Number of protein chains: 2
Amino acid sequence: MRTPKHDLPEAVAKRIPIYYRYFKLLETDGIERIKSEQLAKLVAIPSATIRRDFSYIGDLGRSGYGYEVSHLIQIFSTVLKADILTKMAVIGVGNLGRALIENNFRRNDNLQISCAFDTNPALVGQTLNGVPIYAIDQLVTVIPAAGITTAISTVPSEASQGSAEQLIDAGITSILNFAPTRLQVPRHINVRYLDLTAELQTLLLFEE
Amino acid sequence: MRTPKHDLPEAVAKRIPIYYRYFKLLETDGIERIKSEQLAKLVAIPSATIRRDFSYIGDLGRSGYGYEVSHLIQIFSTVLKADILTKMAVIGVGNLGRALIENNFRRNDNLQISCAFDTNPALVGQTLNGVPIYAIDQLVTVIPAAGITTAISTVPSEASQGSAEQLIDAGITSILNFAPTRLQVPRHINVRYLDLTAELQTLLLFEE
């Protein structure tokens, strides 16, 4: 089995968590085996795409005979490191940061927001859904001490580059960025942009 | 100029709002002309991809000479209907729905959440950031009366199919869905999924 790294196409990487979610649903429903055509219908992704995506992960099943759900879960769970706890920091405790902390990926045992940072002195020292809120300048000590390498940034565009640089200095290597402006970061830093406005505009492009 | 409809590739549609955002930034900075190589560096998208994407939109500039920023803005703003107000309904006023309503796409004059719906009787009749909150069963009258065709759904997965059917009955044709489970909808209904957990898992796939 190959472990997906930087050579995994973005489009494939984006679908892997979706497949995994459906495998877990199939397992819950007691379904032990599924053909790519059935899976295609379920996840609304063409079966040819599914087969090609799976070929990046490894040898997952015999063509025509279908895939064994427990085997798929085992492989995908390794790829997604679903058994390893990933602790994360949230930067910016505005409306969105607050919503993320309140929800805290509660359906996923392996994803946990464990600290948050904000510039607002009124928030610093408080705890939200069990998550302590620190001042931004504590970031450089708190993040390495907690062994955190993943951050979710909800700071506004104009602050996001500076904030990203502080995060990288603190040892962060993966950033989920809600500010749309592209960050200038070293090559070994992974950044994903989640731009709610752009998602909505893309949706509206298909409006008749 | 072709207007992008259902034949526009998803990957291209996803990048159009990003380009548009950068054109506006260039305009603000007083930059009148840009070559695709410069734009590529700015938006962190390969210049070959940019040129191919632009070919879906129409004839945007002379190769080698660069693109005129004001012309790009004019064309992309038409494609994105950036001059037309799109009113939207939010379904589900939990943490995420609340964050969306509080922010209400304030940087985009043409995007406006104008009503919200929830099952919680304690919320119904209230107003949040000027947006009235209605009961779910009022959806079928309020949405057509307001001429709304776009909804943002933050309802949990188990309720999202039922909620989508109510929305479609009320005349909604575009849904931005924060619940990851794929909806079964008629062919003319546009759905985009915004799955925060999957985005995070995709990010972590690239973690060394």
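Coordinates for the structure precede this section.
### Details of helix α3 (residues 47-57) of chain B
For an α-helix, 3.6 residues make a turn, and residues three or four places apart therefore share a direction. Residues and elements named next belong to chain B. For α3, the full list of buried residues reads Ser 47, Thr 49, Ile 50, Asp 53, Phe 54 and Ile 57. For α3, the buried positions fall inside an angular range of 150 degrees around the axis, keeping them on one side. Here the buried face of α3 lies against α1 (10-28), α2 (36-43), β3 (66-68) and α4 (69-79). Just beyond α3, the residue with positive phi is Gly 58, at close to 145 degrees.

### Describing the sheet that holds strand β5 (residues 111-118) of chain A
Residues and elements named next belong to chain A. Overall, mixed pairing links the 7 strands, which are arranged β6-β7-β5-β4-β8-β9-β10 in an open sheet. Edge positions in the sheet fall to β6 (127-128) and β10 (190-193), since each has one partner strand and no second. Strand contacts of helix α6 (residues 139-146): β4 (86-91), β5 and β7 (131-135), with the helix running at about 165 degrees to β5, the strand carrying the most contacts.

### Points about the pairing of strand β9 (residues 174-177) of chain A
Residues and elements named next belong to chain A. Taking every second residue as pointing to the same face, both faces of β9 are buried, with Ser 174 and Leu 176 on one and Ile 175 and Asn 177 on the other. The pairing of strand β8 (residues 150-153) with β9 spans 4 bridges and is parallel. Bridged to Ala 151 within β9 is Ile 175. Handedness of the crossover joining β8 and β9 through helix α7 (residues 157-169) is recorded here as right-handed. Note that β9 and β10 share 4 bridges and pair parallel. Bridging across to β10, Ile 175 finds its partner in Val 191.

### Observations regarding the environment of Arg 15 of chain A
Residues and elements named next belong to chain A. One can find Arg 15 in helix α1 (residues 10-28). Separated by 38 residues in the primary sequence, Arg 15 and Asp 53 have C-alpha atoms spaced 8.2 Å apart. With near-sequence residues (within four places) excluded, Arg 15 lies in contact with Ile 45, Thr 49, Arg 52 and Asp 53.

### Some details on the relation of the copies chain B and chain A
Superposing chain B onto chain A takes a rotation of 180 degrees combined with a translation of 0.0 Å along the rotation axis, leaving an RMSD of 0.0 Å. Here the two chains are linked by the operation of a two-fold rotation axis. Both copies contact each other with a shared surface, as 100% of the interface residues of chain B are interface residues in chain A too.

### Focus on the nonpolar core
One finds Ile 152 of chain A together with Ile 152 of chain B to be the most contacted residues of the largest nonpolar core, which totals 44 residues. Dropping the residues within four chain positions of it, Ile 152 of chain A is found in contact with Met 88, Ala 89, Val 90, Ile 91, Leu 100, Phe 105, Leu 176 and Phe 178 of chain A together with Leu 200 of chain B.

Conventions we followed
Residues numbered from 1 in each chain as written. Chains lettered and ligands numbered in written order. Predicted model: local features only at pLDDT ≥ 70, side-chain atom pairs only at ≥ 80, totals over all residues. Heavy atoms only, no water. Buried < 20%, exposed > 50% of the residue type's maximum accessible area, 1.4 Å probe, protein only. Helix = DSSP H or I, 4+ residues; strand = E, 2+ residues; numbered from the N terminus. Arc of directions from axis to C-beta. Contact = heavy atoms within 4.5 Å. Pairing = 2+ DSSP bridges. Axes fitted to C-alpha atoms, helices over the stretch in contact; angles between N-to-C directions. Right-handed = clockwise from strand over helix to strand, strands pointing away. Least-squares fit on C-alpha atoms with pLDDT ≥ 70 in both. Core = buried A, V, L, I, M, F, W, Y, C linked by side-chain atoms within 4.5 Å.

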